[in-house]
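Survey of secondary and tertiary structure
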Amino acid sequence: MNTRAAQILKSPILWVGVALLIGGIAALAFLGPRPMATSDGSPTAPPSQLASPPTPSAAASFVGSQRCVECHQAEHAAWQSSQHAKAMQHATPLTVLGDFSGVTYTQDGVTSTFMHRGKAFIVRTDGPNGQLAEFEVKYTFGVDPMQQYLVELPGGRLQALALTWDARPRELGGQRWFRQYPNERIDHRDELHWTKRSQNWNFMCADCHSTDVRKGYDATADTFDTRFAEVSVGCEACHGPASIHLEWARGPRPSTSAPSAKGFAVVFDERRGVSWPIDATSGNARRSRLRDTAKELNACAPCHARRSQFAEGWRPGDSLMQHFLPVTLREGLYHADGQQQGEVFIWGSFLQSRMHQAGVTCSDCHDPHSQKLRHEGNATCAQCHAPARYERTEHHRHEAGSAAAQCVACHMPATTYMVIDPRRDHGFKIPRPELTLSTGAPNACSSCHADQSPQWALEAVQRWHGTSQRASTHYADFLHAGRTSKPGAARGLLGLVGDLSQPAIVRATALELLERYPSEPAQALLQRGLVDADALLRHVAVSRHESVPAAARISALVPRLRDDTRAVRIEAARLLVPVAAQLAGEARALHSKVIAEYESTLRADLSQPEARVNLGNLLWQQGEGSPAEAQFRAAIQQDPRFAPARVNLAELLRSQGRETEGEALLRDGLEVDPGSPILRESLALSLVRQGKKPEAFREFERAARDPAATARQIYLYALALDDANRRAEALRVLIEGTKRHGDRDLSLTLALWQSEGGNEGAARDALAAWQRINPDDPALPRSPALQ
């Protein structure tokens, strides 16, 4: 993490569907004809047929990686040299890399000291109250290119110190202490301070640095008793509990030659008997047979995807969305062309790639035990791409043997995270400078030639390859238009969703964006999305039914209560709660079963305020006001800056005739976080309801003028101005708002008010501008002037 926006890597899914907060926050071209694959890599099939692979027997237990060495010496030796084996270790003189000889590090007026005391490693730094205190390092975290350190706070909480050891060689700038978020001033009150929940190991980090983690959160005592089967990422993290496998290994072998799982739930055999013959004409390889499973991808994705966890208990053989919700290609996390931007890891990038569509899987390139590439340099790529064609200067256009002539230089550009950690993009994209010009996405050419413009890079590419090879459309332009409300946005997104040759994660992203552009074609695609083969796209389709009328919602979502993917069916159940009284017979019984499943996932881990808000919303919708209030208040206790808890609690209090209590709650929140536009918006609405319009107006204005203001907050400010008989100012706010957000409500209200003011020309212009963005919007008049 190296930006404030990226502070929460794996925050729990926040479902907010009550009061002012609507919706969830939370989580390809291909080589030759083949059936389209879903985002987990499995073949296309109706959702009812996409059953999860069986999980291990309940009798299976974890035995530890050391038990594997007797029969798997080579694999164990490779693993011991890996980052998996060193992902987390007890702090000892053999594992601690940092300098604890009494050295100091000073930043933001705090001088921290690193020292030994007997066998203990001690850090003296600012603690939860801002005062200097001594903390013992309990565990190391990682080895290359940095090592972080975990210290214990009360309540069983392990926290990751922001002070980090640069493990690189000194000649590369390493062998020094540095702090995460070096360009921000952070004290003990800041959400990024090492003592806060965003740096908590138990929830944020543990499940991907250790094996079989159980958080062990006690909701009553607000304490953790986190346990793991093995401190690091061991053999069983990928293969599953091995006790039955050990029994198999010791027992008699069956006489049959039929394939055996050997006591495991899943066998990683996707590469067995497969070859990649290279076509002499194209220079590219084809898989000798279709990869019709996603075993490796599902094993790697839980820790190599940007996702939220909603249920513990993942085992090898489970698909990702039985326990996790991955994000789509969201703005701020991915550039419009799908390149990594925020800290998104690998999975979402790889799903976009031609390699994924061609059947490549993780271990085609990486040794699964050492995690190293199977071959050095370009030789890994040469397994499938003929060197005679692709290692020629005529292809890469750089000096042979140079760093720039490496395949990864152009096709896997690196982005640096956590100050010193460059990670390569796994989208394997062709550099397209024209997309930099049209969308702002980076390109590999300009990243190296920083002194040259994207236009210079485009002209160079066109000289080499001609203009036709760079004239094809790319989903980047449509996603960018959808994000920024450019002309053609809606129909471009419609086309992406309906184009089955596009990566499923791209189609899901387009469907997510289409919510901004309502139309009959968009609604039709939404219904088709409910039965799409891809679970992520189905989840997006379900989640977009938040505001659909009751009858249509019931018709659309009741069938999804039977979805084989847990993330999809519990989302359907959640959205059916407000209309549950209208369900009957089998549908009612089925909904009761799945909503109980949803509630149990929430209650299983209430360590984060997101889960408590979700539970509070559920209880409130079920008519249990007092328990809901308790959950909202517990969420605020966990994180006083967590605005959704205050907003929803204030709305609950309002519904109970306790408006003044809600107002006080929101004002208290603004004392803690004065820069929260959503708290100001909620306070302003509360003041309006109480008849305190002058005070409300000031809060609307402050919310709208905040740099982080949403289109809704600008819209509400315009309404407040209009209510105060300041229509001219309101129009100016709408005009500026449409330039900033291109929002539907802003645009249509601007047209209406211009028309009411007798300015028909300006009204037509406003409608025409929105029509260029979404010509199928049902709110547009069907007049000849707008055709």
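These numbers come from a predicted model, not from an experiment.

Comments concerning the pairing of strand β6 (residues 120-126)
Of all seven residues in β6, six are buried; the element is thus mostly enclosed. Here five bridges tie strand β5 (residues 110-117) to β6, and the two strands are oriented antiparallel to one another. Within β6, the residue paired with phenylalanine 114 across the bridge is valine 123. Pairing geometry for β6 and strand β7 (residues 132-141), over five bridges, is antiparallel. Paired with arginine 124 across the two strands is glutamate 134, which belongs to β7.

Description of helix α29 (residues 693-705)
Between its first and last C-alpha, α29 extends 18 Å over 13 residues, near the 18 Å set by a 1.5 Å rise per residue. Here α29 has its buried residues at Ala696, Phe697, Glu699, Phe700, Ala703 and Ala704. Buried residues of α29, seen end-on, are gathered within an arc of 165° and therefore sit on one face of the element. Opposite its buried face, α29 presents the exposed residues Pro694 and Arg705, each directed more than 90 degrees away. Against α28 (677-689), α30 (711-723) and α31 (727-741) lie the buried residues of α29.

A look at the confidence of the model for the protein chain
When pLDDT is averaged along the protein chain, the result is 91; 91% of the residues meet or exceed 70. Counted against residues more than four places away or in other chains, residues 15-38, with its pLDDT under 50, gives 95 contacts. Ignoring residues within four places in sequence, the model shows residues 41-57, a span with pLDDT below 50, making 43 contacts including any to other chains.

Quick look at the pattern of salt bridges
All chains considered together, the criterion is met by 51 salt bridges. A salt bridge links aspartate 187 to arginine 189; its shortest N-O distance comes to 2.4 Å. On the accessibility criterion, aspartate 187 (29% relative accessible area) is partly exposed. In this structure arginine 189 comes out as exposed when scored by relative accessible area, which is 57%. Taking the shortest distance from any N to any O, the salt bridge between arginine 423 and aspartate 421 comes out at 2.9 Å. For the pair formed by arginine 423 and aspartate 421, the shared burial category is buried.

The rules we used
- Note that residues are indexed from 1 along each chain, following the sequence as it is written.
- With the structure being a predicted model, the display of local features is reserved for residues of pLDDT at least 70 and the display and counting of side-chain atom pairs for 80 or more, all residues being used for whole-chain, interface and lining totals.
- Heavy atoms throughout the structure, all of them, feed into the side-chain values; hydrogens and water do not.
- Exposure classes here rest on a 1.4 Å probe applied to the protein chains alone. A residue is buried below 20% of its type maximum, exposed above 50%, and partly exposed in between.
- Helix and strand definitions here come from DSSP, where helices need a minimum of 4 consecutive H or I residues and strands a minimum of 2 consecutive E residues; each element is numbered from the N-terminal end.
- Whether two strands pair depends on DSSP finding at least two bridges between them.
- Helices are assigned an expected span. That span is 1.5 Å times one less than the residue count.
- When we speak of the arc, we mean the arc of directions from the helix axis to the C-beta atoms.
- We call two residues in contact when some of their heavy atoms are within 4.5 Å.
- For every residue, the predictor assigns a confidence score, pLDDT, that lies between 0 and 100.
- Salt bridge, as used here, is a side-chain nitrogen of Lys or Arg placed within 4 Å of a carboxyl oxygen of Asp or Glu.

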